[in-house]
Amino acid sequence: MATGTKPRPSVSPSPQVLNHLPKLPLPQGDILSGTMQSKPTSRGSVQPPRSTPTQQRQHASTVPGRVVGSRSTTSKEPKFALPHQNSGESKRSRRSQAGRNANESVTASGLRQSSHSYRQQITTAFEAPAWLQVLMKIQRGSTPLACLLILGVLVLYGWNVSSQRAWSKAYRELSQLQRQERELIAASESRKHEIVQQAENSKSNLVRQVPANTVFLTPQPIQERSSLESRSASVRQFKQFPLGY
Amino acid sequence: MATTTSRGSETTTTATKTRPQSTSLRLLLVWVVLIFGELGLAARLVYLHVVEAPVLLAKARAQQLMPLRPFSARRPIVDRLNNVLAIDESVYTLYVHPYLFNQPAEVVATQLAPIVKRSVSDLTQLFKTAESGIPVAYELSEQVVDQIKGLQLEGLELNQERQRLYPQADLTSNLVGYVNGDHEGQAGLEYSLQQQLEPLARSAKVSFDGQGVLLPDRVPLNLIRADDQKLHLTLDTRLQRAARAALKKQLNHYRALRGTVIVMDVQDGSLLTLVSEPSYDPKRYYQADPELYKNWALSDLYEPGSTFKPINVAIALETGRVKPDNVFYDEGKIAVGGWPIQNNDYAYAGSRGPLSISKILEYSSNVGMVHIMQQVKPAVYYDWLTRLGIGQKVGSDLPFETAGQFKPKAQFTSYPIEPATTAFGQGFSMTPLQMTQLHALLANGGKLVTPHVVQGLFNSAGEATWKPDLPVRQVLAPTTTQAVVSMMGNVVSRGTGKPAQIPGYRLGGKTGTAQKAVGGQYSSARITSFVGIFPLEAPRYVVLSVVDEPKGDDAYGSTVAAPVVKSVIETLITLEGIPPSHPAEVHPQTKKQ
């Protein structure tokens, strides 16, 4: 395995990087020909953004020398899945490459086996005792709970204030209505009295009602249906209403 | 270097052994100080919350809470048709505190003067009299108060007060009464039903927010719910007005002292009308004669005279000693126990000879009545009179009632003149209300009802929350009373009650003309009355009219009081819609066509 290959900021990443990067679709065809077809990934992992064939050609034109190298690299090692030939991607890979050189921890997303055999300790943290772990877990769980409760308090407070305001408004309306009712009753009753006083005092032609000038009507019995039906027969003749009215 | 970094933990452990002791002591000291500080705080907390709690709570409440006193009105009084007879208004009194003015006193006076209707110079003088608490205007209505509040002046204080409004003025003041400045009833129903009319005083300590807005947390529910109970009367204001007009006409014509008209429903004793003239305006009660505050229809006694004769006949018939078709001889003038007794019309009618009981009532013969009542033993007679309630109060819900005056039993039974004068309604006294009650006894088949004017306290849903206690008891047999009522019908159709006839209807009645006793002696002053029972076939109402001291030679019950009763019954017919029992008489000219 070649370990000392300097990572080039170009098309071909080092094999170490290749080991730990997710499998990416292998671009089919020649770079220079311009036809780029991507093979569907078997692992369904992240699809990096594809650059257009023109970008590739540009890229290729800036570093003409490298292109040859890349082609040779690809022909040399077909079994490795090549990442997409993108400048941004290579920069990222370079950074990660640098980091990984210092300590290759086991937490990398790649499931490939590390080629290094030893682990480097990078923290000075010690294993916490059980009670402290419990407390930490409680703290971690209580923070979102506290946030939720605070939000709940704010909502409830807002609702409380708004309901109090609404009640006060309704109470004001109630006292206003009660006042209007009082005024209305007082005014109407006084007016009634005034009208009657006027009727009594004035020399108008108002006559006191007595049985002599009262007509008493006896209620008539309810008409039978037959008489109504005979009447409706005559009404039916007038189905066509006269237009004159 | 790599080894040191990788073995950092090992270097730390080796270094602990070399740390000086003072560090741990300092740590301990800090810990102790902090812990004791915490304990001290905890102790203080406990002290404040447990020991000082009541004092602090009281202080907080005193600062935060203010009393809320909503406008609690005295309950309104309404009549049978929901016309308001008495209702509370909210009025304000304006006080001024000149030391709080933020503008010169003249400016304040100029702004207030047009609203309170006083001159600017008056107000300026007034503001100089004291530093605070100067009353400026009383009984300001709520619209005026809105105007004053709109001025946004400092140093003004408006106190809400209650004022009683009587829309019907002097029409019902004898029944409703009035309230004084402290809003306490002094006469009439305002006085006798003070407890039912005045709601419980409601007030609570409530909290307000920073802007003076009322917070609902501490407001109790009973404070919010308005008291919607009203005192319903059995009175009919329309009939009251018509009765008063008819009575006033006769009072003016005969220049009488005073008069009263009472209309009562015979079945339950509810009063539709109780007019007593003269009357007063309850709003200006202080300007009226205090004699008027009591209702003379139930607080003044009078000798009933001939209107009592039907009741005597009923007593005689009930004892069984007298039958309705008995005949008695009317001499016109007799002497009983040395005292002369004669008929009213003896001067020109003389002796009428044998008369039936009905005729005795028709002619209103005193001597005939004496002969009728002589058939009943005086002790039995006296017992019956006591059973009918004579000499006792009627027990109505109006205040200041007087019990009738009646001779003691020993005197009544010893001297034969006593039952003789009682036979034609003199020698004892009662109130006009009691006379109405006794005639209702004849009209409703022998039941002694309690005259009342109050139906009860009703809320807005129509449910009764309080009703007065009104006993009813049977005293006479219905057959007796029916016989007497039919005789009273004859009085109107053939006898002295002819002025009370109404075409198309039949009513029973009795006139009454009694001499008033002044200074222990009978004088020439009279008290005239007429009682009517309507309709004759199935009596529903009894109408009594009493006119005190009508002047003139033609002042008798039939001329003074009977037209009043006729007028009242005519109005009653049209208000209640009672159809005529003899329709042919109503429009005789149309019938001929």
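Novice: Mind laying out the overall build of chain A, listing which residues take part and the relevant values?
Specialist: Looking only at helices and strands, chain A has six helices and two strands in total. Mapped in sequence order, the helices and strands of chain A form the string α-β-β-α-α-α-α-α. Split into buried and exposed, the 245 residues of chain A put 18% on the buried side. Of all intrachain contacts in chain A linking residues separated by at least 6 positions in sequence, the fraction that spans at least 24 positions is 53%. Carbon and sulfur atoms make up 60% of the accessible area of chain A, which amounts to about 19800 Å² in all.

Novice: Please provide a residue-by-residue account of the overall build of chain B, values included.
Specialist: Counting its secondary structure elements, chain B contains 24 helices and 20 strands. Over its C-alpha trace chain B gives a radius of gyration of 40 Å, far above what one expects of a compact globule, namely 25 Å for 593 residues. Its C-alpha atoms put chain B at 160 × 65 × 60 Å along the principal axes. The buried share of chain B, reckoned over its 593 residues, is 50%. Within chain B, contacts between residues at least 6 apart in sequence are counted, and of these 72% link residues at least 24 apart. The positive charge centre, built from 57 side chains, and the negative charge centre, built from 53, are 3 Å apart in chain B.

Novice: Mind laying out the sheet that holds strand β18 (residues 508-518) of chain B, listing which residues take part and the relevant values?
Specialist: All names here are of chain B. Pairing is antiparallel in the open sheet, where five strands are placed in the order β9-β8-β20-β19-β18. Each edge of the open sheet carries a strand with a single partner, namely β9 (271-277) and β18. Put simply, the sheet's adjacent strands are angled 15° from each other on average, direction ignored. Pairing geometry for strand β19 (residues 521-534) and strand β20 (residues 541-548), over eight bridges, is antiparallel. Bridge assignment links F534 to a residue of β20, and that residue is Y541.

Novice: So what's going on with a nonpolar patch on the surface? Which residues, and what values?
Specialist: On the surface, W131, V134, L135 and I138 of chain A cluster together to form a nonpolar patch covering roughly 430 Å² of accessible area. One can find I138 of chain A in helix α5 (residues 130-201).

Novice: Which residues make up the interface of chain A and chain B, and what values go with them?
Specialist: Taken together, the contact between chain A and chain B spans 25 residues of the former and 40 residues of the latter. Taken together, the connections running from chain A to chain B amount to four salt bridges. Note that E142 of chain B is salt-bridged to R179 of chain A, the shortest N-O span being 3.7 Å. Seen at the junction of chain A and chain B, the total is ten residue pairs in polar contact (both at pLDDT 80 or more). Here the residues of the side of chain A that touches chain B are counted per class, giving ten nonpolar, eight polar and seven charged.

Novice: Explain the pattern of salt bridges to me, using residue names and the numbers behind them.
Specialist: Summed over the entire model, instances satisfying the criterion amount to 29 salt bridges over all chains. With its nearest N and O atoms 3.2 Å apart, the salt bridge here joins R182 of chain A to E142 of chain B. Placement of the pair is R182 of chain A in helix α5 and E142 of chain B in helix α7 (residues 142-150), with the two residues belonging to separate chains. The structure contains a network of salt bridges with shared partners spanning R258, E291, K294, D300, K516, D548 and E549 of chain B.

Novice: So, the packing of aromatic side chains: which residues are in play, and what are the values?
Specialist: Residue and element names in this part refer to chain B. For the structure on display, the rule yields 15 aromatic pairs over all chains. Counting every residue linked through ring pairs, the aromatic cluster contains F308, Y381, Y382, F406, F412 and F428. When the ring centre of W296 is taken as origin, the NZ or CZ atom of R258, which lies over that ring, is 4.2 Å away. For R526, the ring lying beneath its charged end belongs to Y556, and the centroid distance is 4.9 Å.

Novice: Describe in detail helix α21 (residues 432-443) of chain B, supporting the description with residues and values.
Specialist: Turn by turn, an α-helix covers 3.6 residues, leaving residues three or four places apart pointing in a common direction. Residue and element names in this part refer to chain B. A rise of 1.5 Å per residue sets the reference length of α21, with its twelve residues, at 16 Å; its end C-alpha atoms lie 17 Å apart and thus fit the reference within 8%. The element α21 is extensively covered by neighbouring structure, given that twelve of its twelve residues are classed as buried. Once α21 finishes, G445 follows within two positions and takes phi at roughly 90°, a positive value.

Novice: Now, about the side chain of R244 of chain B: what can you tell me, with residues and values included?
Specialist: If you trace the backbone, R244 of chain B turns up in helix α12 (residues 237-254). Here D170 of chain B takes part through its side chain, which lies 3.3 Å from a polar atom of the side chain of R244 of chain B. The contacts of R244 of chain B, once residues within four sequence positions are left out, are Q197 and E200 of chain A together with D170, L171, V275 and E277 of chain B.

Novice: An account of the layout of surface pockets is requested, with residue identities and associated values reported.
Specialist: Its boundaries defined by the atoms lining it, the second largest pocket holds a volume of some 1200 Å³. Taken together, 34 residues form the lining of the second largest pocket, with E200 and R208 of chain A together with R241, A242 and A245 of chain B sitting closest to its centre. For the lining of the second largest pocket, the element with the most residues is α12 of chain B, which contributes eleven residues. Taken together, the residues of the lining of the second largest pocket sort by class into eleven nonpolar, 14 polar and nine charged.

Novice: Would you mind going over the packing of α5 of chain A against α7 of chain B in detail, with residue names and values included?
Specialist: At a minimum axis distance of 11 Å, the contact between α5 of chain A and α7 of chain B shows a crossing angle of 135°. Between α5 of chain A and α7 of chain B, the interaxial angle falls into the category oblique. Residues R179, R182 and E183 of chain A of α5 of chain A form the contact with α7 of chain B, whose participating residues are E142, Q143 and D146 of chain B. Of the residues that constitute the contact of α5 of chain A with α7 of chain B, the class distribution is no nonpolar, one polar and five charged.

Novice: If you had to explain unusual backbone geometry to someone new, which residues and values would you point to?
Specialist: Working note: non-glycine residues mostly have negative phi, and peptide bonds are mostly trans. All names here are of chain B. Between E277 and P278 the backbone carries a cis peptide bond, its omega angle lying at 0°. Residue position: P278 is located in the loop between β9 and α13 (296-299). Across the junction of F534 and P535, the peptide omega takes the value -15°, indicating a cis bond. Within the secondary structure layout, P535 lies in the loop between β19 and β20. One non-glycine residue, N82, lies in positive phi territory at about 65°. Along the chain, N82 turns up in the loop between β2 (77-78) and β3 (84-96). Positioned with a positive phi, Q152 is a non-glycine residue whose angle comes to about 60°. Tracing the backbone shows Q152 in the loop between α7 and β5 (156-165). On the basis of relative accessibility, which here comes to 66%, the residue Q152 falls in the exposed class.

Novice: Give a description of the confidence of the model for chain A that names residues and reports values.
Specialist: All names here are of chain A. Predicted confidence across chain A gives a mean pLDDT of 67, with 44% of residues reaching 70 or more. Ranking the elements of chain A by mean pLDDT puts helix α3 (residues 64-76) last, at 45, and α5 first, at 92. Long-range and interchain partners of residues 29-77, a stretch whose pLDDT sits below 50, account for 51 contacts in this model, where long-range means more than four residues apart. Ignoring residues within four places in sequence, the model shows residues 84-91, a span with pLDDT below 50, making 15 contacts including any to other chains.

Novice: Now, about the nonpolar core: what can you tell me, with residues and values included?
Specialist: For soluble globular proteins, nonpolar side chains are generally found buried alongside one another. L233, F308, I372 and V453 of chain B are the most contacted members of the largest nonpolar core, which has 93 residues in total. It is α21 of chain B that contributes the most residues to this core, seven residues altogether.

Novice: Please give an account of the environment of L355 of chain B that cites residues and values.
Specialist: Residues and elements named next belong to chain B. Looking at the element boundaries, L355 is found in strand β13 (residues 353-356). Residues L355 and Q515, 160 residues apart in the sequence, show an inter-C-alpha distance of 25 Å. Residues within four places of L355 in sequence aside, it is in contact with N326, V327, F328, D330, I360, Y363 and S365.

Novice: Help me get a handle on the environment of T172 of chain B, residues and values and all.
Specialist: Residues and elements named next belong to chain B. Topologically, T172 is positioned in the loop between β5 and α8 (173-176). On the basis of relative accessible area, T172 is assigned to the buried category, the value being 2%. For the pair T172 and T511, spaced 339 residues apart in sequence, the C-alpha separation works out to 27 Å. The contact partners of T172, leaving out residues within four places of it in the chain, are L85, G177, L235 and Q240.

Thresholds applied
Residues numbered from 1 in each chain as written. Chains lettered and ligands numbered in written order. Predicted model: local features only at pLDDT ≥ 70, side-chain atom pairs only at ≥ 80, totals over all residues. Heavy atoms only, no water. Helix = DSSP H or I, 4+ residues; strand = E, 2+ residues; numbered from the N terminus. Buried < 20%, exposed > 50% of the residue type's maximum accessible area, 1.4 Å probe, protein only. Contact = heavy atoms within 4.5 Å. Areas by Shrake-Rupley, 256 points an atom, 1.4 Å probe, with all protein chains shown as cover. Rg over C-alpha atoms; globule rule 2.2 N^0.38 Å. Lys, Arg positive; Asp, Glu negative; His and termini not counted. Charge placed at Lys NZ, Arg CZ, Asp CG, Glu CD. Pairing = 2+ DSSP bridges. Axes fitted to C-alpha atoms, helices over the stretch in contact; angles between N-to-C directions. Patch = residues over 30% accessible without salt bridge, like charges linked within 9 Å, V, L, I, M, F, W, Y side chains within 5 Å. Salt bridge = Lys/Arg side-chain N within 4 Å of Asp/Glu carboxyl O. Polar contact = N/O pair within 3.5 Å; in protein donor to acceptor, adjacent residues only side chain to side chain. Nonpolar A, V, L, I, M, F, W, Y, C, P; charged D, E, K, R; others polar. Phe/Tyr/Trp six-rings, centres within 6.5 Å; stacked < 30°, edge-to-face > 60°. Lys NZ or Arg CZ within 6 Å of the ring centre and 35° of its normal. Expected span 1.5 Å × (residues − 1). 1 Å grid on protein atoms, 1.4 Å probe; cavity = no way out; pocket = protein on both sides within 12 Å on 5 of 7 lines; lining within 4 Å. Points joined across faces, edges and corners; volume = space filled by probe spheres on them. Parallel < 35°, antiparallel > 145°, perpendicular 65-115°, else oblique. pLDDT = per-residue confidence, 0-100. Core = buried A, V, L, I, M, F, W, Y, C linked by side-chain atoms within 4.5 Å.

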